[in-house]
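Letter by letter, the chains look like this.
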Amino acid sequence: MPLFTDAPRQFRQMDRFSCGNTGIHRLDARIKIGSFLVYQICVLSWPPQEITGLLPFFLFPVCIIRLAGLPLGYLLKRTLWLLPVAVMIGIFNPLVDRIPMGEWFGIPVTQGMISFISIILRCMLTILGAFTLLASTGFAPLCRGLRQLGAPRILITLMTFLYRYAFILVDEFQHMLMAFRSRRGGSGPIPLSTWGAMAGQLLLRTFGRAERIYQAVLCRGGEDPEFASSRSVITGRGAAGGLLFCVLVILFRCFNITMLAGQYARSLTS
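First, a word on what this report is: a plain description of the structure on this page. In this text, all values refer to a predicted model and were calculated from it rather than measured experimentally.

### As for the state of the cysteines
And then number 1: Under the definition given, this model contains zero disulfides.
And then number 2: Sulfur of C42: no disulfide; nearest cysteine sulfur belongs to C254 and is 7.4 Å away.
And then number 3: The class for C42 is buried, based on a relative accessible area of 7%.

### Some words on the side chain of T126
And then number 1: With respect to the helices, strands and loops of the structure, T126 is situated in helix 8 (residues 111-137).
And then number 2: We classify T126 as buried; its relative accessible area is 17%.
And then number 3: Looking at T126, its side chain comes within polar contact range of the main-chain oxygen of C123, at 3.0 Å.
And then number 4: Beyond its immediate chain neighbours, meaning those up to four positions away, T126 contacts F36, Q40 and L44.

### A closer look at the packing of aromatic side chains
And then number 1: Taken as a whole and judged by the stated rule, the model has nine aromatic pairs.
And then number 2: Residues W46 and F57 carry aromatic rings whose centres are separated by 6.5 Å and whose planes lie at 80 degrees to one another, so their mutual orientation is edge-to-face. One end of the pair, W46, is in the loop between helix 3 (29-44) and helix 4 (59-67); the other, F57, is in the loop between helix 3 and helix 4, with 11 residues separating them in the sequence. Residues W46 and F57 agree in their burial class; the two are buried.
And then number 3: Considering the side-chain rings of F60 and F245, the 5.4 Å spacing of their centres and the 75 degrees angle between planes classify their relative orientation as edge-to-face. With F60 in helix 4 and F245 in helix 12 (residues 236-254), this pair connects stretches of sequence that are 185 residues apart.
And then number 4: Note on F245: relative accessible area 17%, which makes it buried.
And then number 5: Feature note: the residues Y39, W46, F57, F60, F245 and F252 constitute an aromatic cluster, connected by ring pairs.
And then number 6: Taking NZ or CZ as reference, R78 lies 4.4 Å from the ring centre of W81, over its face.

Rules behind the numbers
Here the residue index of a chain counts from 1 through its sequence in written order. Reporting of local features is limited, given that this is a predicted model, to residues whose pLDDT is at least 70; pairs of side-chain atoms are given and counted only at 80 or more, and all residues count toward the totals for whole chains, interfaces and linings. Side-chain measures here rest on the full set of heavy atoms in the structure, leaving out hydrogens and waters. Pairs of cysteine sulfur atoms within 2.5 Å are what we label disulfides. Relative accessible area decides the class of each residue, using a 1.4 Å probe on protein chains only: under 20% of the type maximum gives buried, over 50% gives exposed, and in between gives partly exposed. Helical segments are the DSSP runs of H or I of at least four residues, strand segments are the runs of E of at least two, and each set is numbered from the N terminus. Any pair of nitrogen or oxygen atoms within 3.5 Å is treated as a polar contact; in protein, a donor-acceptor pairing is required on top of that, and neighbouring residues in sequence qualify only through side-chain atoms on both sides. Pairs of residues are marked as contacts when any of their non-hydrogen atoms sit within 4.5 Å. Between rings of Phe, Tyr and Trp, where Trp is taken as its six-membered ring, a pair exists when centres lie within 6.5 Å; planes separated by under 30 degrees are stacked, by over 60 edge-to-face, and by other angles tilted. Two conditions define a charge sitting above a ring: the NZ of Lys or the CZ of Arg must be within 6 Å of the ring centre, and it must be within 35 degrees of the ring normal.

Below, the structure is given as structure tokens:
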């Protein structure tokens with residue numbers, strides 16, 4: 001139950017983070033979306049058994065978080081909450097792929113173990129990058145940017161409806177839960193025999209409130225002003241910043257920075 005009611009609150013917190021006034025916040029959403037796609041492609045294009053090449057990519061979201069004045073600890077904590085998904089994806093790799101790759105402090109390391117760690121790193125990088133994009137831009141500007149980049153209108157409509165009505169569903173559920181506990185005079189668990197009736201009432205209340213919101217949208221002209229396609233201007237400074245970011249990401253993909261740094265350190269000590 002806490003997970004069900006906590007997710008919308010976290011999205012609202014992300015929207016509050018997007019109200020900043022830093023250079024990262026003022027950057028056009030299309031530039032940030034394009035840079036994010038290049039970053040994700042470069043992260044996911046590494047070989048399955050690559051670990052050292054992925055580590056330097058943590059510098060990009062961390063630097064952007066600092067430049068935007070976002071709470072690094074908060075975003076890292078939310079990233080770790082989704083880490084069990086990556087664990088479930090690659091948990092059987094060490095059992096299936098037992099090709100030896102060497103030893104680490106006397107412990108034999110297999111190819112499956114390396115690919116398992118690589119999956120976890122990729123998941124953390126992609127999720128942290130997505131959270132950074134959402135916290136520095138906001139959901140509504142992201143939808144407008146996707147629409148201006150040519151994304152299908154039906155996709156943007158589904159995203160906005162899912163985002164809006166998820167809050168409605170959770171709000172109605174919280175109201176029903178408060179009413180149930182007030183009439184019962186306690187805060188214990190809800191009996192299983194009551195869940196069926198509550199689920200039906202929850203859907204009816206949610207549909208009714210969503211219909212009222214939809215009618216209000218129609219009265220305003222058929223489109224929510226929050227997600228209206230307002231034209232924004234891409235400045236030369238913003239385009240140069242996005243291009244520099246993409247160039248650095250591609251360089252980090254073409255060259256294993258960790259290996260190069262290690263070779264340079266060994267050459268200094270030899």
